[in-house]
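# Coordinates in review
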Amino acid sequence: MNPVELIIRKRDGGELTSAEMKQFINDYINGDIDSSQMTALLMAIYFKGMTKSETRDLTEVYIDSGSRITFPADMPTVDKHSTGGVGDKISLMLAPIVAACGIPVPMISGRGLGHTGGTLDKLEAIPGFRTDFSQQEFMQFVNTSGLAIISQNEKLVPADRLIYALRDTTGTVESLPLITASIMGKKIAEGARNLVIDLKVGSGAFMTSLQRARQLGELLASTGEGFGQKVKVVYTNMNSPLGYYCGNALETREAIDYLKGEAAPDIDILTRRLAAEMLLLSGAFPDLNSASEKVDKVIKDGSALHKFAEMIQQQKGDVRVIDDPAIMPNAPCDLPVTASSSGWIKAIESRQIGYALVSIGAGRKTLNAKLDMAAGAWLPYKIGSKITAGELLGKVYCQNKTAGEAAVNRIKNAYEISAEKIEDQKLILLP
Ligand code: URA
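Rules behind the numbers
Residues numbered from 1 in each chain as written. Predicted model: local features only at pLDDT ≥ 70, side-chain atom pairs only at ≥ 80, totals over all residues. Heavy atoms only, no water. Helix = DSSP H or I, 4+ residues; strand = E, 2+ residues; numbered from the N terminus. Rg over C-alpha atoms; globule rule 2.2 N^0.38 Å. Buried < 20%, exposed > 50% of the residue type's maximum accessible area, 1.4 Å probe, protein only. Near = heavy atom within 4 Å. Polar contact = N/O pair within 3.5 Å; in protein donor to acceptor, adjacent residues only side chain to side chain. Areas by Shrake-Rupley, 256 points an atom, 1.4 Å probe, with all protein chains shown as cover. Phe/Tyr/Trp six-rings, centres within 6.5 Å; stacked < 30°, edge-to-face > 60°. Expected span 1.5 Å × (residues − 1). Contact = heavy atoms within 4.5 Å. Pairing = 2+ DSSP bridges. Axes fitted to C-alpha atoms, helices over the stretch in contact; angles between N-to-C directions. Domains from an automatic or database assignment. Left-handed = near helix turned anticlockwise from the far one by under 90°. Nonpolar A, V, L, I, M, F, W, Y, C, P; charged D, E, K, R; others polar. Right-handed = clockwise from strand over helix to strand, strands pointing away.

A word on the overall build of the chain. Looking only at helices and strands, one finds 16 helices and 13 strands in the chain. In terms of C-alpha radius of gyration, the chain reaches 21 Å, essentially the compact-globule figure of 22 Å for 431 residues. Seen through its C-alpha atoms, the chain measures out along the principal axes to roughly 65 × 45 × 40 Å. Of all 431 residues assigned to the chain, the portion counted as buried reaches 58%.

Take the site of the ligand next. Around the ligand, a shell composed of Tyr164, Arg167, Ile179, Ser182, Ile183 and Lys186 is seen. One of the side-chain nitrogen or oxygen atoms of Ser182 is found 2.6 Å away from a nitrogen atom of the ligand. Note that an oxygen atom of the ligand is positioned 2.5 Å from one of the side-chain N or O atoms of Lys186. Protein burial of the ligand: of its 230 Å² of free accessible surface, 87% is covered by the chains. Only helix H8 (158-170) and helix H9 (176-189) provide two or more residues apiece to the shell around the ligand. Counting residues per element, the shell around the ligand draws most heavily on H9, which supplies 4 residues.

By the definition in use, this model includes 3 aromatic pairs. Centroid distance Tyr46 to Phe47: 5.1 Å. Interplanar angle 85°. Geometry classified as edge-to-face. Owing to a relative accessible area of 61%, Phe47 belongs among the exposed residues under this scheme. The interplanar angle of 65° and the centroid separation of 6.4 Å between the aromatic rings of Phe71 and Phe138 together place this pair among those described as edge-to-face. With Phe71 in the loop between helix H4 (52-64) and strand E1 (78-82) and Phe138 in helix H7 (residues 135-145), this pair connects stretches of sequence that are 67 residues apart.

The next point concerns H8. Under the 1.5 Å per step criterion, the end-to-end length of H8 is 19 Å for 13 residues, consistent within 8% with the ideal 18 Å. Within the span of H8, buried status applies to Pro158, Ala159, Asp160, Ile163, Tyr164, Leu166 and Arg167. Residues of H8 that are buried in the fold lie against helix H2 (18-29), helix H3 (35-48), H4 and H9. Directly after H8, the chain includes Gly171, whose backbone phi takes a positive value near 65°.

With that settled, the discussion passes to the sheet that holds strand E13 (residues 428-430). Strand order in the open sheet formed by 4 strands is E1-E4-E5-E13, with mixed pairing between adjacent strands. Of all the strands in the sheet, the pair left with one neighbour each is E1 and E13. Across this sheet, the average inter-strand angle for adjacent strands is 30°, counted without regard to direction. When strand E5 (residues 230-237) meets E13, the two strands line up antiparallel, connected through 2 bridges.

Next up on the list: the domain arrangement of the chain. Here the chain is partitioned into domain 1 (3-49), domain 2 (78-322) and domain 3 (329-418). Computed from C-alpha coordinates alone, the two centres of domain 1 and domain 3 are separated by 41 Å.

Let us now look at the packing of helix H5 (residues 90-100) against helix H11 (residues 248-259). Closest axis-to-axis distance for the H5/H11 pair is 9 Å, and the angle between their directions is 35°. As for how H5 packs across H11, the hand of that crossing is right-handed. In this structure, H5 contributes Leu92, Met93, Pro96 and Ile97 to the contact, and H11 contributes Glu251, Thr252, Ala255, Tyr258 and Leu259. Looking at the contact of H5 with H11 residue by residue, the classes come out as 7 nonpolar, 1 polar and 1 charged.

Attention shifts here to the side chain of Thr271. Structurally, the position occupied by Thr271 is in helix H12 (residues 265-282). Exposure remark for Thr271: the relative accessible area of 0% places this residue in the buried category. If sequence neighbours within four positions are ignored, Thr271 has contacts with Ile90, Met93, Leu94, Ile97 and Tyr258.

With that settled, the discussion passes to the sheet that holds strand E10 (residues 386-387). With antiparallel pairing, 3 strands are arranged side by side in an open sheet as E10-E8-E12. Looking at the sheet topology across the chains shown, the edges are occupied by E10 and strand E12 (415-418). Bridge count between strand E8 (residues 343-348) and E12: 4 bridges; the pairing is antiparallel. Pairing of Ala347 across the sheet is with Glu416, part of E12.

For residues other than glycine, phi is negative in most cases, and the peptide bonds are mostly trans. Of the consecutive residues Leu430 and Pro431, the connecting peptide bond is found in the cis state with omega at -5°. Topologically, Pro431 is positioned in the segment after E13. You will see that Lys316, though not glycine, has its phi angle at about 70°, which is positive. Its location among the elements puts Lys316 in the loop between helix H14 (303-314) and strand E7 (333-338).

Okay, the environment of Glu15 next. As for its placement among the helices and strands, Glu15 is situated in the loop between helix H1 (3-11) and H2. Judged by relative accessible area, Glu15 falls into the partly exposed class, the value being 47%. Residues Glu15 and Gly49, spaced 34 residues apart in sequence, show a C-alpha to C-alpha distance of 9.4 Å.

This next bit is on the pairing of E5. With 6 of its 8 residues buried, E5 lies for the most part within the structure. Across 8 bridges, the pairing between strand E4 (residues 194-201) and E5 is parallel. Bridge pairing in E5 links Leu199 to Tyr235. Following the chain from E4 across helix H10 (residues 210-226) to the adjacent parallel E5, one finds a crossover that is right-handed.

Turning our eyes to something else, we now look at the pairing of strand E2 (residues 105-109). Put simply, side chains in a regular strand alternate between the two faces of the sheet. Burial runs high along E2: 5 of the 5 residues are buried. Here E2 shows two buried faces, one formed by Val105, Met107 and Ser109 and the other by Pro106 and Ile108. The pairing of E2 with strand E3 (residues 147-151) spans 5 bridges and is classified as parallel. By the bridge assignment, Ile108 is partnered in E3 with Ile150.

In structure tokens, the structure reads:
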């Protein structure tokens with residue numbers, strides 16, 4: 001195989017065979033093709049796209065680059081994937097809720113990406129909590145407690161680990177076939193038989209229009225189904241930051257409070273719906289109503305909170321966090337964000353809020369940057385909320401006052417306030 005020929009064929013809109021993609025990617029992993037040629041191919045895919053069957057083949061090449069986990073055939077494993085947002089801590093509550101309902105959740109999760117937060121980073125705000133377990137340990141956790149949330153390791157879809165890092169620095173992230181191979185490669189290799197995708201749409205998401213989100217959703221679902229996985233896509237609104245808090249320790253605290261019964265309305269709606277969809281997809285419940293009743297029960301009787309504590313213990317975290325969230329890092333400064341005018345919140349540039357949080361250390365500016373687990377913000381208002389000039393719109397929690405003030409300004413400018421009444425937005429867009 002001549003890599004240049006493949007690059008040129010894709011650049012000119014042609015198709016690649018499975019064998020060609022396999023060789024190209026394996027040669028890249030082994031160092032026989034360098035990152036300039038890999039980047040050229042990624043950019044050609046970015047501009048020319050791929051057919052459905054090429055996308056499926058690319059996903060298979062990704063999966064086959066490492067090992068694949070399989071759970072017993074009678075184990076109805078289910079996972080959820082969110083395409084990423086601001087304040088999206090739903091997995092932290094969802095995984096223990098679903099596991100407490102008796103359905104195993106093997107979750108290989110991600111870190112913050114661009115302006116979005118990551119589940120692993122949030123969990124690692126708990127002192128001692130580890131996500132770097134082997135596949136054997138992962139399987140053992142799922143078999144014994146019914147859940148585990150760990151990071152991708154060098155054995156699981158190594159092609160994605162290497163290519164993802166390259167995409168992140170070469171402007172080739174937002175390509176539907178590349179996103180599909182990356183997400184579905186991991187979600188199939190981790191052994192989840194059923195998958196609910198929370199496809200986020202709006203100013204804080206990677207997909208800003210429902211039309212493009214649907215293209216991605218359809219490609220993700222058809223690819224998963226091609227590998228025998230049952231996939232359900234739920235399209236949700238990501239225009240307002242989710243919940244009341246953003247930032248790693250703050251969101252983990254909010255998740256614990258949720259499981260104790262203190263729920264912000266938006267995360268309550270999303271968590272309950274996604275949990276019920278997961279239970280339904282697993283085949284253990286006949287309809288959404290009965291699944292929702294079970295979800296309600298495990299939240300109210302404390303068994304979901306108990307499951308969360310069990311996961312913390314199994315993953316070597318300090319379980320005292322459940323009763324005393326203050327053992328997680330706390331920020332020395334909190335700075336007010338005030339409303340510049342009176343009226344109703346018409347729009348929120350949530351991506352700008354995400355970038356403001358990255359600037360104070362809640363996310364990464366470079367691949368190996370160290371996070372400030374305490375950094376974040378309290379932002380309780382949503383599109384449609386009424387606010388008065390000078391009133392607190394939120395607070396920024398940070399180490400450094402100068403960086404914090406810059407984040408305050410960026411967040412303040414992210415809110416558009418209208419003198420006319422604005423309606424609340426629908427949270428679940430489809431179905
Ligand atoms: N999440 C992933 O895991 N991969 C992508 O390409 C985008 C989001």
